Amino acid sequence: MTTTADYSEKIPNNVSLHEDRRLQRALESWQPNFLDWWRTMGPSLPTQDVYLRTAVNVGREGWAQFGHVAMPDYRWGIFLAERDPGRRVGFGEHKGEPVWDKVPGEYRADLLRLIVIQGDTEPASVEQQRNLGATAPSLYDLRNLFQVNVEEGRHLWAMVYLLHAYFGREGREEAEELLHRNSGSADAPRILGAFNEETPDWLSFYMFTYFTDRDGKYQLGTLKESAFDALSRTCEFMLKEEAHHMMVGTTGVDRVVERTAQVMVENDTDDVAALGAIPLPVIQKYLNFHYSVSLDLFGGDTSTNVANYYTAGLKGRWSEDRRQDDHKLTDDAMMVDALVDGEIGELEVAALTGLNTDLRRQYAGDCRGGVNRWNKILADAGLAHRLKLPHTAFNRKVGAFAGIEASPDGEQLTADEWERGKGQWLPTDVDKTYVRSLMRPVHERGKIAAWIAPPRNGINGQPFDYDYVHLA
Ligand code: BYC
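Values in this document were obtained by computation on a predicted structure and should not be read as measured data.

1. Focus on the site of the ligand
Okay, step 1: Taken together, the neighbourhood of the ligand is formed by 29 residues, with Arg 113, Gln 118, Gly 300, Ser 303 and Lys 315 sitting nearest.
Okay, step 2: Ser 303 is positioned with one of its side-chain polar atoms (N or O) 2.6 Å from an oxygen atom of the ligand.
Okay, step 3: Bound to the protein, the ligand loses 78% of the 1,100 Å² it would expose on its own.
Okay, step 4: Most atoms of the ligand, that is more than half of them, are within 2 Å of grid points of the largest pocket.
Okay, step 5: Looking at which element gives the most residues to the shell around the ligand, the answer is helix α2 (residues 108-128), with seven residues.
Okay, step 6: When the residues that make up the shell around the ligand are grouped by side-chain class, the tally is 10 nonpolar, 12 polar and seven charged.

Below, the structure is given as structure tokens:
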């Protein structure tokens, strides 16, 4: 059973850390390094305190509390969802066996790799977003940025706990490395591509939290199925926090589109740049960029890694228990995206090797929901323009389409055609400079920048004009 959260400890936790002095000491010696990293690579805008949600328990009700907190004093803790004592492996060759309380030797390297990759993304996103506070469009948005940042910090703690508790010296070394690699660094970059891209403006931030955090949701959803029970329970709790990050992205883009639509209608023009809003074609280009780099995060369309992870019980499928099959897939086939005779097409492969594609498709279906929502805002404003997701082959650096160029409609292009067209499809320097020119801080209570609509609701029942952040 899960113990209740212990908040009297240096590291709040519900894993009875005080019963394992060695582990406790190891984590307590990592803690100052984490805080050093937070001070140097975390949010750069000085604040007194921020109205933050802090995880205090894992139960269904009341798992978090809200209050003004000085960010370096945020109680980053270790929380695993409650143990299900009867839980059994749900898929792969160990299906039906009891789940694992320890890491089996034969899967140690693979589990370590999955946990390190997951752990690497969390601090990376904080680094990417560190300077956004200086240009926040409102105190409400500033608070949401910091909420996302502290929770990504907590997700790093979640992975570091697993590394320290289950992987010995190697795990402790990997935990150190998580603080040494940095987003965009030439010498020691973050592991996955999208986490070395810049997040230089708030449109990028909303797109990132919509598209890239959503990859997080799907990857965590597959790790939640893991036979390694501590990983499963950790990810289950992380998903709870992740819902807020999705909300920030979804409603952030909503509000940008809403404001643009408003300015278009009021002035009867598409040319809203002169009027301080973000033109729909620029929003589309940002969407194209963030969606395509996020598709790359799912790995190759066919992958023996993913087949091995599934067979071993390390990483399942999205909604594994709702799938109507044998949960082993050894005799199944599926169609995956592929180049067929050099053309964009599909190929039949063993279902096990196609599982990255399976997850990517689940993700893409979810992303379509956002686009429909934004298009409804346009339709409700009486506008004919529509946003859309680009084709899977567009702007890909990983997977079957990495070696070709394609338009957002999925038309295969020569290198020359791509060079000529890409400025219509991806943000150009001019677009980025324009968006950045709008990024002026609005740090006054109840005020908002002109390029974005205010939110419909505040946080935790507070109004929009609440004092969400006290600046230093
Ligand atoms: N960039 O066999 P393949 C989140 C490498 S986001 C660079 O097709 P596999 C968050 C790959 O490592 C979720 N390299 O890949 C969001 C492999 O290298 P090795 C993060 C890449 O293993 C916002 C080689 O290419 N969590 O939480 O089937 C804010 C062959 O690849 C990339 C996870 O990803 C890339 N994009 O799938 C904060 C879950 N893609 O082994 C947080 C853990 C592939 O040949 N990770 N490579 O050296 C995994 O499940 C898998 O490792 C991947 C790749 C899905 C990433």
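2. What to know about the packing of helix α7 (residues 280-296) against helix α11 (residues 429-438)
Okay, step 1: Contact geometry of α7 with α11 gives a least axis separation of 11 Å together with a crossing angle of 105°. Between α7 and α11, the crossing angle belongs to the class labelled roughly perpendicular. Contacts from Val 282, Lys 285 and Tyr 286 in α7 reach Asp 431, Lys 432 and Val 435 in α11.
Okay, step 2: Partitioned by chemical class, the residues of the contact of α7 with α11 number three nonpolar, no polar and three charged.

3. A short note on the layout of surface pockets
Okay, step 1: In this structure, the largest pocket spans a volume of roughly 740 Å³.
Okay, step 2: What lines the largest pocket is a set of 38 residues, and nearest its centre among them are Ile 117, Leu 192, Asp 215, Leu 297 and Phe 298.
Okay, step 3: Among the secondary structure elements, those contributing two or more residues to the lining of the largest pocket are α2, α5 (202-223), α7 and α8 (304-312).
Okay, step 4: Residue composition of the lining of the largest pocket, grouped by class: 15 nonpolar, 13 polar and 10 charged.

4. Overview of the side chain of Asp 301
Okay, step 1: With respect to the helices and strands, Asp 301 occurs in the loop between α7 and α8.
Okay, step 2: A polar contact of 3.2 Å, which involves the side chain of Asp 301, links it to the side chain of Arg 360.
Okay, step 3: Beyond its immediate chain neighbours, meaning those up to four positions away, Asp 301 contacts Val 336, Asp 337, Thr 353, Gly 354, Thr 357, Arg 360, Gly 399 and Ala 400.

5. A look at a positive patch on the surface
Okay, step 1: A surface patch of positive charge is lined by Arg 21, Arg 22, Arg 25 and Arg 172.
Okay, step 2: Of the residues forming the positive patch, the biggest block, three residues, is contributed by helix α1 (residues 21-41).

6. A word on the pattern of salt bridges
Two side chains bearing opposite charge may form a pair once their charged atoms approach each other closely.
Okay, step 1: Enumeration over the complete set of coordinates arrives at 30 salt bridges.
Okay, step 2: Between Asp 337 and Arg 361 there is a salt bridge, with its nearest N and O atoms 3.7 Å apart. Note that Asp 337 is positioned in strand β3 (residues 333-340) and Arg 361 in helix α9 (residues 355-380), a separation of 24 residues in sequence.
Okay, step 3: Residue Asp 380 pairs with Lys 376 through a salt bridge whose shortest N-O separation is 2.9 Å. Of this pair, Asp 380 and Lys 376 both sit in helix α9, separated by four residues, roughly a single helical turn. Each member of the pair Asp 380 and Lys 376 is classed as exposed.
Okay, step 4: Each of Arg 83, Arg 87, Asp 101 and Asp 229 takes part in salt bridges that share partners, so that together they form one network.

7. Things to note about empty space enclosed by the protein
Okay, step 1: Summed over all chains, the structure comprises three cavities of 30 Å³ or more.
Okay, step 2: Of the volumes computed, that of the largest cavity is approximately 70 Å³.
Okay, step 3: Surrounding the largest cavity, Thr 222, Val 306, Lys 315, Gly 316, Arg 317, Leu 355, Asn 356, Asp 358 and Leu 359 form its lining.
Okay, step 4: When residues in the lining of the largest cavity are grouped by element, the largest group, four residues, is from α9.
Okay, step 5: In this structure, the second largest cavity occupies an estimated 50 Å³ of space.
Okay, step 6: The wall of the second largest cavity is formed by Gln 128, Ala 194, Glu 197, Glu 198, Thr 199, Phe 208, Thr 212, Phe 289, His 290 and Val 293.
Okay, step 7: Looking at the lining of the second largest cavity, the elements that each hand over two or more residues are α5 and α7.
Okay, step 8: No other element matches the three residues that α7 contributes to the lining of the second largest cavity.
Okay, step 9: Split into classes, the residues belonging to the lining of the second largest cavity amount to four nonpolar, four polar and two charged.

8. So, the side chain of Gln 128
Okay, step 1: Locating Gln 128 in the fold gives a position in helix α2.
Okay, step 2: Among the residues examined, Gln 128 registers a relative accessible area of 8% and is labelled buried.
Okay, step 3: A distance of 2.9 Å separates the side chain of Gln 128 from the backbone oxygen of Ala 194, its partner in a polar contact.
Okay, step 4: When residues no more than four places from it in sequence are discounted, the contact partners of Gln 128 are Ser 183, Ala 194, Phe 195, Asn 196, Glu 197, Thr 199 and Phe 208.

9. Some remarks on the sheet that holds strand β7 (residues 469-471)
Okay, step 1: Across the sheet, three strands lie side by side as β2-β1-β7; this open sheet has antiparallel pairing. Each edge of the sheet is formed by a strand with only one pairing partner; in this case those strands are β2 (64-69) and β7. With direction set aside, neighbouring strand axes in the sheet form an average angle of 15°.
Okay, step 2: In this sheet, β2 lies alongside strand β1 (residues 47-55) in antiparallel orientation, the contact comprising six bridges. Pairing of Ala 55 across the sheet is with Ala 64, part of β2.
Okay, step 3: Across the face of the sheet, helix α3 (residues 139-166) comes into contact with β1, β2 and β7 while running at roughly 55° to β1.

Conventions used here
Residues numbered from 1 in each chain as written. Predicted model: local features only at pLDDT ≥ 70, side-chain atom pairs only at ≥ 80, totals over all residues. Heavy atoms only, no water. Near = heavy atom within 4 Å. Polar contact = N/O pair within 3.5 Å; in protein donor to acceptor, adjacent residues only side chain to side chain. Areas by Shrake-Rupley, 256 points an atom, 1.4 Å probe, with all protein chains shown as cover. 1 Å grid on protein atoms, 1.4 Å probe; cavity = no way out; pocket = protein on both sides within 12 Å on 5 of 7 lines; lining within 4 Å. Sits in = over half its atoms within 2 Å of the grid points. Helix = DSSP H or I, 4+ residues; strand = E, 2+ residues; numbered from the N terminus. Nonpolar A, V, L, I, M, F, W, Y, C, P; charged D, E, K, R; others polar. Axes fitted to C-alpha atoms, helices over the stretch in contact; angles between N-to-C directions. Parallel < 35°, antiparallel > 145°, perpendicular 65-115°, else oblique. Contact = heavy atoms within 4.5 Å. Points joined across faces, edges and corners; volume = space filled by probe spheres on them. Patch = residues over 30% accessible without salt bridge, like charges linked within 9 Å, V, L, I, M, F, W, Y side chains within 5 Å. Salt bridge = Lys/Arg side-chain N within 4 Å of Asp/Glu carboxyl O. Lys, Arg positive; Asp, Glu negative; His and termini not counted. Charge placed at Lys NZ, Arg CZ, Asp CG, Glu CD. Buried < 20%, exposed > 50% of the residue type's maximum accessible area, 1.4 Å probe, protein only. Pairing = 2+ DSSP bridges.

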